[in-house]
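Residue-level listing of the chains:
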Amino acid sequence: MWFARLFLLAAFVQAQPQPWAEMVAAHNAVRAKLSLPPLTWSDKLAAVARDWANTLVERNQFVHRPKSMYGENLFEIDGAPATPDQVVKNWASEAANYDYPSNKCKGVCGHYTQIVWRDTKEIGCGVARKGRREVWVCNYHPPGNWVGQRPY
């Protein structure tokens, strides 16, 4: 009897969507609107992102990693936890600030342009929580947002 319960529990756990699969899907949904190739998940990038998210929470900071060799998007929330879809929608909402013909931002749009950077192939993300604060970090390889270059 205990074996059957264990088997059912294992089947239930495997049936639950992985949050990182949701993160990749949310990114790729934004990219698909521009017919851009999909991103794939990188455990290596995720480890780097998770480390930085933990550092930011412990230091009570919200800054980009200095001299990073990856592209990076940050998201912070206080109170209820965020979902991968909410995080990506927040970044993607900056599309309204990006003017493709002039390749300029009217306000903030760097999170959006990193998501849709054509040459980016991989993504890895991490999240850290402390109290009511939650920090999300996504790293991208190859990085985007090169001055003077169009994202797509």
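Keep in mind that this is a model prediction, so the values were computed, not measured. (Residues numbered from 1 in each chain as written. Predicted model: local features only at pLDDT ≥ 70, side-chain atom pairs only at ≥ 80, totals over all residues. Heavy atoms only, no water.)

K.L.:
Would you explain the pattern of salt bridges in this entry?
P.N.:
Pairs can form between side chains of opposite charge once their charged atoms are near each other. Evaluation of the coordinates by the stated rule reveals 5 salt bridges. Here Lys130 ties to Glu58 by a salt bridge, and the two come within 3.6 Å at their closest N and O atoms. Remark: Glu58 occurs in helix α3 (residues 43-59) and Lys130 occurs in strand β5 (residues 122-130); sequence separation between them is 72 residues. Since its relative accessible area comes to 43%, Lys130 is described here as partly exposed. For Glu58, a relative accessible area of 57% gives the class exposed. (Salt bridge = Lys/Arg side-chain N within 4 Å of Asp/Glu carboxyl O. Helix = DSSP H or I, 4+ residues; strand = E, 2+ residues; numbered from the N terminus. Buried < 20%, exposed > 50% of the residue type's maximum accessible area, 1.4 Å probe, protein only.)

K.L.:
What is the right way to look at the pairing of β5 in this model?
P.N.:
In the case of a regular strand, side chains alternate between the two sheet surfaces. Of the strand pairs in this sheet, strand β1 (residues 40-41) and β5 are connected by 2 bridges, and their pairing is parallel. Residue pairing in the sheet places Trp41 in a bridge with Ile123 of β5. With 9 bridges joining them, β5 and strand β6 (residues 133-141) adopt antiparallel strand pairing. Of the residues in β6, the one forming a bridge with Ile123 is Tyr140. (Pairing = 2+ DSSP bridges.)

K.L.:
What's the story with the state of the cysteines in this structure? I'm lost.
P.N.:
When the sulfur atoms of two cysteines share a covalent bond, that bond is a disulfide. Summed over all chains, the structure comprises 2 disulfides. Across the disulfide from Cys105 sits Cys109; the S-S distance is 1.6 Å. In this structure, the disulfide formed by Cys105 and Cys109 twists by about -45° around the S-S bond and is classed as left-handed. Shown here is the disulfide that connects Cys125 with Cys138, its sulfur atoms set 2.1 Å apart. Classification of the bridge connecting Cys125 and Cys138 rests on its S-S torsion, roughly 105°, and on that basis the disulfide is right-handed. With a gap of 13 residues between them, Cys125 in strand β5 and Cys138 in strand β6 connect regions that are remote in the sequence. By the burial criterion, Cys125 is buried, and Cys138 matches it. (Disulfide = S-S within 2.5 Å.)

K.L.:
Quick question: what am I supposed to make of helix α4 (residues 84-92) here?
P.N.:
The α-helix advances 3.6 residues per turn, and as a result positions three or four apart in sequence lie on the same side. Along α4, the positions that sit buried rather than exposed are Pro84, Val87, Val88, Trp91 and Ala92. Viewed end-on, α4 has its buried residues packed into an arc of 130°, placing them on one side of the element. Looking at the buried positions of α4, the neighbouring elements they touch are α2 (19-32), β2 (71-78), α5 (110-115) and β6. (Arc of directions from axis to C-beta. Contact = heavy atoms within 4.5 Å.)

K.L.:
Can you walk me through the sheet that holds β1 in this structure?
P.N.:
The pairing of strands in a sheet happens through backbone hydrogen bonds and is either parallel or antiparallel. Read from one edge to the other, the open sheet built from 4 strands follows the order β1-β5-β6-β2, with strand pairing classed as mixed. Among the strands making up the open sheet, the edge pair consists of β1 and β2. Contacts between α2 and the sheet are confined to β1, β5 and β6, with β5 contributing the most and set at about 125° to the helix. Contacting β2 and β6, α4 runs over the sheet at an angle of about 115° to β2. (Axes fitted to C-alpha atoms, helices over the stretch in contact; angles between N-to-C directions.)

K.L.:
Explain the nonpolar core to me, please; I cannot follow it from the model alone.
P.N.:
The nonpolar side chains of a soluble globular protein tend to be buried, and buried together. The biggest cluster of nonpolar side chains holds 23 residues, and the ones touching the most others in it are Met23, Trp91 and Ile123. Elements represented by at least two residues in this core include exactly α2, α4, α5, β5 and β6. Excluding its chain neighbours within four sequence positions, the residues that come into contact with Met23 are Pro84, Val87, Val88, Ile123, Cys125, Trp136 and Cys138. If you look at the next biggest cluster of nonpolar residues, it comprises 9 residues, including Ala49, Ala53, Val57 and Val135. (Core = buried A, V, L, I, M, F, W, Y, C linked by side-chain atoms within 4.5 Å.)

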